2 protein chains.
Amino acid sequence: MSLLKPWRLLARRPIFADRPFITVEADDVELPDGRRVDNFYRVTVPDYVSIVAVTPERSFVMLRQYKHGIGRVSTTTPAGRMEEGEAPLAAAKRELLEETGYEAARWEAGGRFVMAANLRFTTMNAFFAFDVRKIAEPNSGDLEEMEVHLLDEGEIRQALTDGRVADAGSALALSLFLLRPPAS
Amino acid sequence: MSLLKPWRLLARRPIFADRPFITVEADDVELPDGRRVDNFYRVTVPDYVSIVAVTPERSFVMLRQYKHGIGRVSTTTPAGRMEEGEAPLAAAKRELLEETGYEAARWEAGGRFVMAANLRFTTMNAFFAFDVRKIAEPNSGDLEEMEVHLLDEGEIRQALTDGRVADAGSALALSLFLLRPPAS
């Protein structure tokens with residue numbers, strides 16, 4: 001097996017924190033070859049869920065919203081951060097309902113992925129929600145205005161490659177869903 | 001078309017910077033409904049490239065490396081940050097050669113995606129490198145020790161779902177490659 005060795009953490013210093021939104025820390029580390037590296041930064045924002053929600057007719061329940069970080073409107077999956085102590089699946093069910101008004105007959109976990117594995121930025125927990133149907137009006141409470149819209153699979157594939165899906169977490173959750181074996 | 005409106009930026013304050021590695025800023029913004037939100041954070045680390053490199057026999061040239069941010073070894077695509085003023089494709093060619101010793105007969109752009117579109121964290125530029133062959137020994141100059149290894153498509157699909165590919169950028173680049181229409 002691999003001989004890749006972990007780095008040794010010598011010190012971790014707080015740089016900035018506004019909990020629960022963000023913390024920035026600086027690690028001093030010793031590499032396996034003995035070199036010391038100071039100020040290897042570590043940025044943490046809350047872990048979140050990203051939901052690929054599909055109707056019985058295989059339409060995808062998506063959002064369009066203005067994302068301030070990139071300064072433009074983007075097509076995204078329903079998504080949101082996990083509240084303190086909240087399990088990922090519970091967060092996925094809550095966010096889907098709040099942001100779209102839909103609930104699902106069946107859920108499947110789609111994997112956990114770190115955004116920027118050098119810095120431990122945030123973990124995206126992907127979920128696949130099947131046989132979703134609308135049971136309420138959206139009421140996200142988020143800062144962003146959102147429009148719920150339905151896309152078919154061809155439109156999703158197109159949106160992944162033409163820049164409409166700008167957010168890597170949305171793109172990854174959708175891609176993983178499309179790569180699922182057709183039988184399941 | 002969409003009535004989604006951009007937010008108005010009222011002020012942007014520097015919080016922390018260690019250039020070119022990281023900057024943290026705080027935006028005060030006005031939402032379309034008139035509400036004011038202070039301290040909407042903006043974290044920027046350098047944009048980077050992530051390369052799906054495939055041999056004529058359709059083996060994927062991958063890396064295994066210890067990622068300090070998550071504290072464990074992960075299977076990743078070759079990747080690295082763009083140097084100042086460097087074009088994305090030039091960075092992709094450089095990083096592939098430095099990290100693996102391979103060069104490609106043909107390149108294709110795979111899209112641009114923002115890690116965390118709320119915060120504008122970093123942009124991942126995906127590239128697909130075809131008919132790669134080894135022309136040199138790896139010499140990345142990176143802090144991480146790396147092992148180059150070749151995986152076939154079945155192993156890539158497995159690694160995407162069993163946690164071996166922990167990094168969202170690697171997972172997204174690989175997924176987009178696997179979703180390409182088979183004809184091209």
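Residues numbered from 1 in each chain as written. Chains lettered and ligands numbered in written order. Predicted model: local features only at pLDDT ≥ 70, side-chain atom pairs only at ≥ 80, totals over all residues. Heavy atoms only, no water.

**What about helix α3 (residues 168-179) of chain A?**
All names here are of chain A. Put simply, the test is: Secondary structure elements follow DSSP: runs of H or I of four or more residues count as helices, runs of E of two or more count as strands, with numbering from the N terminus. One fewer than the residue count of a helix, multiplied by 1.5 Å, yields its expected span. Partly exposed describes any residue whose relative accessible area lies between the buried limit of under 20% and the exposed limit of over 50%, with all areas from a 1.4 Å probe on protein chains only and scaled to the type maximum.
Taking 1.5 Å per residue as the helical rise, α3 with its 12 residues ought to reach 16 Å, and the 16 Å between its terminal C-alpha atoms agrees with that figure. Most of α3 is tucked away: 12 of the 12 residues are buried. Burial in α3 covers these residues: Ala-168, Gly-169, Ser-170, Ala-171, Leu-172, Ala-173, Leu-174, Ser-175, Leu-176, Phe-177, Leu-178 and Leu-179.

**What to know about the environment of B:Thr44**
Residues and elements named next belong to chain B. Cut-off, in case you're wondering: By the convention used here, residues are in contact when the closest approach between their heavy atoms is within 4.5 Å.
Along the chain, the position of Thr-44 falls in strand β3 (residues 36-44). Note on Thr-44: relative accessible area 23%, which makes it partly exposed. In this structure, the C-alpha to C-alpha distance between Thr-44 and Gly-154, residues 110 residues apart in sequence, is 35 Å. With residues near it in sequence (within four places) discarded, Thr-44 still touches Phe-21, Ile-22, Thr-23, Arg-120 and Phe-121.

**Some words on the nonpolar core**
Nonpolar side chains in soluble globular proteins tend to end up buried together. Short version of the rule: In this description, a nonpolar core means a group of buried Ala, Val, Leu, Ile, Met, Phe, Trp, Tyr and Cys residues linked to one another through side-chain atoms lying within 4.5 Å.
One finds A:Ile22, A:Phe60, A:Phe121, B:Phe60 and B:Phe121 to be the most contacted residues of the largest nonpolar core, which totals 69 residues. Among the elements that make up this core, the one with the highest residue count is α3(A) (9 residues). When neighbours within four sequence positions are excluded, A:Ile22 is seen to be in contact with A:Phe16, A:Ala17, A:Val43, A:Thr44, A:Val45, B:Val24, B:Tyr41 and B:Val43.

**Quick word on the packing of helix α2 (residues 153-161) of chain B against helix α3 (residues 168-178) of chain B**
Helix packing geometry: the angle between the two helix axes and the distance between the axes. All names here are of chain B. Heads up, the rule is: Axes here mean lines fitted to C-alpha atoms, for a helix over just the part in contact, with angles spanning 0 to 180 degrees between N-to-C directions. Should an angle fall under 35 degrees it is called roughly parallel, over 145 degrees roughly antiparallel, and 65 to 115 degrees roughly perpendicular, with every other angle called oblique. By convention the crossing between two helices is left-handed if the near helix lies anticlockwise of the far one by an angle smaller than a right angle, and right-handed if it lies clockwise. Residues are grouped as follows: nonpolar covers Ala, Val, Leu, Ile, Met, Phe, Trp, Tyr, Cys and Pro; charged covers Asp, Glu, Lys and Arg; every other residue, Gly included, is treated as polar.
Running from amino to carboxyl end, α2 crosses α3 at an angle of 135 degrees, the nearest separation of the two axes being 11 Å. In terms of orientation, α2 lies oblique with respect to α3. Viewed along their axes, α2 and α3 form a crossing whose handedness is left-handed. For the pair α2 and α3, the contacting residues are Glu-153, Ile-156, Arg-157 and Leu-160 in the first and Ala-171, Leu-174, Ser-175 and Leu-178 in the second. Of the residues contributing to the contact of α2 with α3, the split by class is 5 nonpolar, 1 polar and 2 charged.

**Brief notes about the packing of α3(A) against α3(B)**
Closest axis-to-axis distance for the α3(A)/α3(B) pair is 9 Å, and the angle between their directions is 45 degrees. The angle between α3(A) and α3(B) falls in the class oblique. As for how α3(A) packs across α3(B), the hand of that crossing is left-handed. Along its contact with α3(A), which presents A:Ala168, A:Ala171, A:Leu172, A:Ser175, A:Leu176 and A:Leu179, the element α3(B) presents B:Ala168, B:Ala171, B:Leu172, B:Ser175, B:Leu176 and B:Leu178.

**Quick look at α2(B)**
Since the α-helix advances by 3.6 residues per turn, residues separated by three or four positions end up pointing in the same direction. Test applied: It is the directions from the helix axis to the C-beta atoms whose arc is reported. As used in this structure description, the phrase polar contact means that two N or O atoms lie within 3.5 Å; if the pair is within protein, one of them must be able to donate a hydrogen and the other to accept it, and residues adjacent in sequence are counted only when both atoms belong to side chains.
Every buried residue of α2(B) is accounted for by B:Ile156, B:Ala159 and B:Leu160. Buried residues of α2(B) fall within an arc of 105 degrees about the axis and therefore sit on the same side. In this structure, the buried side of α2(B) is in contact with β9 (106-115) and α3 of chain A together with β5 (60-67), β12 (146-151) and α3 of chain B. For α2(B), the side-chain oxygen to backbone nitrogen distance between the N-cap and B:Gly154 is 3.1 Å, and the N-cap itself is B:Asp152. Positive phi shows up at B:Gly163, right after α2(B), with a value of about 95 degrees.

**A short note on the relation of the copies chain A and chain B**
Heads up, the condition is: All copies are superposed by least squares; the fitting set is the C-alpha atoms of residues with a pLDDT of at least 70 in both.
Overlaying chain A on chain B yields an RMSD of 0.0 Å, the required transformation being a rotation through 180 degrees with an accompanying axial translation of 0.0 Å. The symmetry that links the two subunits is that of a two-fold axis. Across chain A, the rotation axis passes nearest the C-alpha of A:Leu172, at a separation of 2.5 Å. In this assembly, 100% of the residues forming the interface of chain A have copies in chain B that are likewise at the interface, indicating an isologous arrangement.

**Overview of the interface of chain A and chain B**
Test applied: Buried area is a sum: the accessible area each of two parts loses on coming together, probed at 1.4 Å, counted once for each and added. By salt bridge we mean one thing: a side-chain nitrogen of Lys or Arg within 4 Å of a carboxyl oxygen of Asp or Glu.
In this complex, chain A contributes 62 residues to the contact, which on the side of chain B involves 62 residues. Of the roughly 5400 Å² buried where chain A meets chain B, counting both sides, 68% is carbon and sulfur surface. Of all residues in chain A, the largest losses of buried area upon contact with chain B belong to A:Leu4, A:His68 and A:Leu143, amounting jointly to 14% of the total for that side. Taken together, chain A and chain B are joined by 0 salt bridges. Here the side of chain A that touches chain B is built from residues that sort into 40 nonpolar, 6 polar and 16 charged.

**Looking at the pairing of β9(A)**
All names here are of chain A. Heads up, the condition is: Paired strands, in this sense, are two strands between which DSSP finds at least two bridges.
One ladder, built from 9 bridges, connects β9 with strand β10 (residues 122-130); its direction is antiparallel. Bridge pairing in β10 links Arg-106 to Phe-130. In textbook terms, the turn of a hairpin is the stretch between consecutive antiparallel strands, and for β9 and β10 this stretch comprises 6 residues, one of which, Ala-116, has a positive phi near 70 degrees.

**Considerations on the side chain of B:Thr55**
Here B:Thr55 lies in the loop between β4 (48-53) and β5. If sequence neighbours within four positions are ignored, B:Thr55 has contacts with B:Val61, B:Tyr102, B:Asp131, B:Val132 and B:Leu150.

**Points about the pattern of salt bridges**
Tallying each qualifying case throughout the model produces 40 salt bridges over all chains. The shortest N-O distance in the salt bridge between B:Glu108 and B:Arg180 comes to 2.9 Å. Placement of B:Glu108 in strand β9 (residues 106-115) and of B:Arg180 in the segment after α3 is noted, with a sequence separation of 72 residues between them. The exposure class of B:Glu108 is partly exposed, given its relative accessible area of 24%. Residue classification places B:Arg180 among the buried residues on the basis of a relative accessible area of 14%. Through salt bridges that share partners, A:Glu83, A:Glu86, A:Arg94, A:Glu95 and A:Glu98 make up one connected network.

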